[in-house]
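Results of the structural survey
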Amino acid sequence: GDLDPDNLYRTHDYVAYLEKTRTPALPAWFIAGFLGTYPHFKFRRDMLTLEPAQWVSLTETQALKKDPKTARPPLPLPAFFRGDSSANNQTKQENLRVWASQAELFYRWGIDAPERHASFWKFIEQTSRRPVSEEIVRECFGLSLEELGKQFTAYLPNAVKKSVAFRLTDGSLPSLALRNATESEIARIRGDWERLEIAYVRNRYPELAPKYVEQARRTLLRAYDHNDRDPRLLAILGLAEIDAGNDAGARDYLETAARLDVVRPRAWLELARLRYDAHRAANGPEKKLTVDQAADIFSAAFKARAQSPALPEVYELIADVWADCALAPNAGHLGVVSEGVNLFPRRSSLVYRAAALYLASGFKAEAANLIDLGIATTADEAERERFEALQGRLAGQK
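As a starting point, this report considers the structure included with it.

Quick notes on the rules
- Residues numbered from 1 in each chain as written.
- Predicted model: local features only at pLDDT ≥ 70, side-chain atom pairs only at ≥ 80, totals over all residues.
- Heavy atoms only, no water.
- Helix = DSSP H or I, 4+ residues; strand = E, 2+ residues; numbered from the N terminus.
- Contact = heavy atoms within 4.5 Å.
- Areas by Shrake-Rupley, 256 points an atom, 1.4 Å probe, with all protein chains shown as cover.
- Lys, Arg positive; Asp, Glu negative; His and termini not counted.
- Charge placed at Lys NZ, Arg CZ, Asp CG, Glu CD.
- Buried < 20%, exposed > 50% of the residue type's maximum accessible area, 1.4 Å probe, protein only.
- Phe/Tyr/Trp six-rings, centres within 6.5 Å; stacked < 30°, edge-to-face > 60°.
- Axes fitted to C-alpha atoms, helices over the stretch in contact; angles between N-to-C directions.
- Parallel < 35°, antiparallel > 145°, perpendicular 65-115°, else oblique.
- Left-handed = near helix turned anticlockwise from the far one by under 90°.
- Nonpolar A, V, L, I, M, F, W, Y, C, P; charged D, E, K, R; others polar.
- Expected span 1.5 Å × (residues − 1).
- Pairing = 2+ DSSP bridges.
- Core = buried A, V, L, I, M, F, W, Y, C linked by side-chain atoms within 4.5 Å.

1. Topic: the overall build of the protein
- Summing up its helical and strand segments, the protein has 19 helices and three strands in all.
- Judged by the C-alpha coordinates and their principal axes, the protein covers about 70 × 70 × 40 Å.
- Partitioning the intrachain contacts of the protein with sequence separation of at least 6 by distance along the chain shows that 61% fall at a separation of at least 24.
- Summed over its atoms, the accessible surface of the protein is roughly 21,500 Å², and 53% of this surface lies on carbon and sulfur atoms.
- When the 54 positive and 54 negative side-chain charges of the protein are each reduced to one mean point, those points stand 2 Å apart.

2. Quick notes on unusual backbone geometry
- Going from T23 to P24, the amide bond is cis rather than trans, its omega being -5 degrees.
- Assignment of secondary structure puts P24 in the loop between α1 (12–20) and α2 (28–37).
- Following S308, the chain continues into P309 via a peptide bond in cis, with omega recorded as 5 degrees.
- Looking at the element boundaries, P309 is found in the loop between α14 (291–306) and α15 (312–323).
- Not every positive phi belongs to a glycine, and V56 is a case in point at roughly 70 degrees.
- For V56, the location among the structural elements is in the loop between β2 (47–50) and α3 (58–66).
- Overall, V56 belongs to the buried group, its relative accessible area being 13%.
- Here the phi dihedral of N227 falls at roughly 70 degrees; this positive angle occurs in a residue that is not glycine.
- Note on placement: N227 falls in the loop between α10 (209–224) and α11 (231–243).

3. Comments concerning the packing of aromatic side chains
- Counting across every chain of the model gives 31 aromatic pairs.
- Ring centres of F30 and Y107 lie 5.8 Å apart, and the angle between their planes is 75 degrees; on these two criteria the pair is classed as edge-to-face. Of this pair, F30 sits in helix α2 while Y107 sits in helix α5 (residues 92–112), placing them 77 residues apart in sequence.
- With relative accessibility at 5%, the residue Y107 sits in the buried group.
- When the centroid spacing of 5.2 Å and the interplanar angle of 50 degrees are considered together, the rings of F123 and F141 count as tilted. Residue F123 is located in helix α6 (residues 117–129), and its partner F141 is located in helix α7 (residues 134–141); the two are separated by 18 residues in the primary sequence.
- Overall, F141 belongs to the buried group, its relative accessible area being 15%.

4. A few points about the packing of helix α9 (residues 183–204) against α10
- It is the contact of α9 with α10, at a shortest axis distance of 8 Å, that shows an interaxial angle of 165 degrees. As judged from the angle between their axes, α9 and α10 are roughly antiparallel. Between α9 and α10 lies a crossing of left-handed hand. In this structure, α9 contributes S184, A187, R188, R190, G191, D192, E194, R195, E197, I198, V201 and R202 to the contact, and α10 contributes A209, Y212, V213, Q215, A216, T219, L220 and A223.
- A breakdown of the residues in the contact of α9 with α10 according to their chemical character gives nine nonpolar, four polar and seven charged.

5. Things to note about helix α13 (residues 265–283)
- Look at α13: 27 Å from first C-alpha to last across 19 residues, which is about the 27 Å you get at 1.5 Å a residue.
- All of the buried residues in α13 are P265, A267, W268, L269, E270, L271, A272, L274, R275, Y276, H279 and N283.
- Residues of α13 that are buried sit in contact with α11, α12 (247–259), α14 and α15.
- In the segment just after α13, G284 is the residue with positive phi, at about 85 degrees.

6. Some remarks on the pairing of β2
- Of the two faces of β2, the one lined by L48 and L50 is fully buried and the one lined by M47 and T49 carries no buried residue.
- In this sheet, β2 lies alongside strand β1 (residues 41–44) in antiparallel orientation, the contact comprising four bridges. Paired with K42 across the strands is T49, a residue of β2.
- Hairpin connection of β1 to β2: two residues between the antiparallel strands, including R45 at a positive phi of 50 degrees.

7. Points about the nonpolar core
- Core analysis: the largest hydrophobic core is formed by 62 residues, its most contacted members being L254, W268, I318, V321, V341 and I371.
- Dropping the residues within four chain positions of it, V341 is found in contact with L350, V351, A354, L370 and L373.
- Membership of the second largest hydrophobic core comes to 45 residues, among which are Y38, V56, V98 and F152.

8. Considering the environment of A323
- Tracing the chain through its elements places A323 in helix α15.
- A relative accessible area of 47% places A323 in the partly exposed class.
- Separated by 38 residues in sequence, A323 and S361 have C-alpha atoms that sit 9.0 Å apart.
- Not counting chain neighbours up to four residues away, the residues in contact with A323 comprise K288 and L357.

9. As for the sheet that holds β2
- A sheet is described by the order of its strands in space; here three strands give the open sequence β1-β2-β3, paired in antiparallel fashion. Unpaired on one side and paired on the other, β1 and β3 (164–167) mark the two borders of the sheet. Strand-to-strand twist in this sheet, taken as the mean axis angle between neighbours without regard to direction, amounts to 15 degrees.
- With respect to the sheet, α5 is in contact with β1, β2 and β3, its orientation differing from that of β3 by roughly 50 degrees.

10. Topic: α6
- The end-to-end C-alpha distance of α6, which contains 13 residues, comes to 19 Å, matching closely the 18 Å that a straight helix rising 1.5 Å per residue would cover.
- All of the buried residues along α6 are F120, F123, I124, Q126, T127 and S128.
- In this structure, the buried side of α6 is in contact with α2, α4 (77–82), α5 and α7.

What follows is the structure, given as structure tokens:
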């Protein structure tokens, strides 16, 4: 009853979670641009106002307002969309600052003019699935890449001077039926939060991590020892042991949660991985997975695939199993891996696995397309070299 609906908005971290887990995966520049812009929105009743933009730094913005010719130039659009920070004859650190500022500005350019909204959102949808190209830019904006770059650059002096305002549609709160949480629910929810702290602490203060592991275990076992066998609790117990590096201790919890048909994609993913590791260890380094062993792994991996949010690691594991299986995959089997690429086209580790698997299975045209995608979407030189080496293998088979 004390909530003021005129002052409610989603936190930056929650918005970041929504942006980063959306599938197909949003372009990196759009995520950076939206998240960089979000704190500068002002919410009040039915109005949303975005304050004037800043270009690179406060000092450079003030200089730009006085004389647009002093503005540091943006990155060329092809390099910007690709995430390439090697252009403009500047240091990588300087280019990263320009890229981040340019991401905010391009997002702002897209939403500023109402007549541009439909074209801009179409552009986001198109480039969520494939790299930016001259064809996509013309299809969405009716401009060449060069013309789009000029229009965008011309927008910069205005963006640092004026606000942008939007009128919101109804944002009334839904009615909520509240009740007190049970002791088991409190233990499960608190234990899950404490589990999430483990990785954070291990990265920064590794000597303290064991204490956080024990705290999460104590909280979760408080419910388990009172005979709570909620599959969500069992899944969290299993994930806590995974995060603690105790794969052996996690297996029973995850298998029991699976028998109770838990809805938690990462629990199914970790169970599939544990089964995969167990079968490989039993087979030894030379022997391939049998059909039955692959089916055992896939039964868990496909459960994870059917749940939300989609996880790229699920598709990577499916690709690894097919690469290690005695049965050669057909086009239908490989279509599942291709589905993962469609959802996560910029995850180079997944695209590479898919390309290598298609090539090993004799599907050369599909492999070539995936290699081209990997080369076009990665800004990492080592990753590009991996794809080029795969391209060389493909050329040698023709």
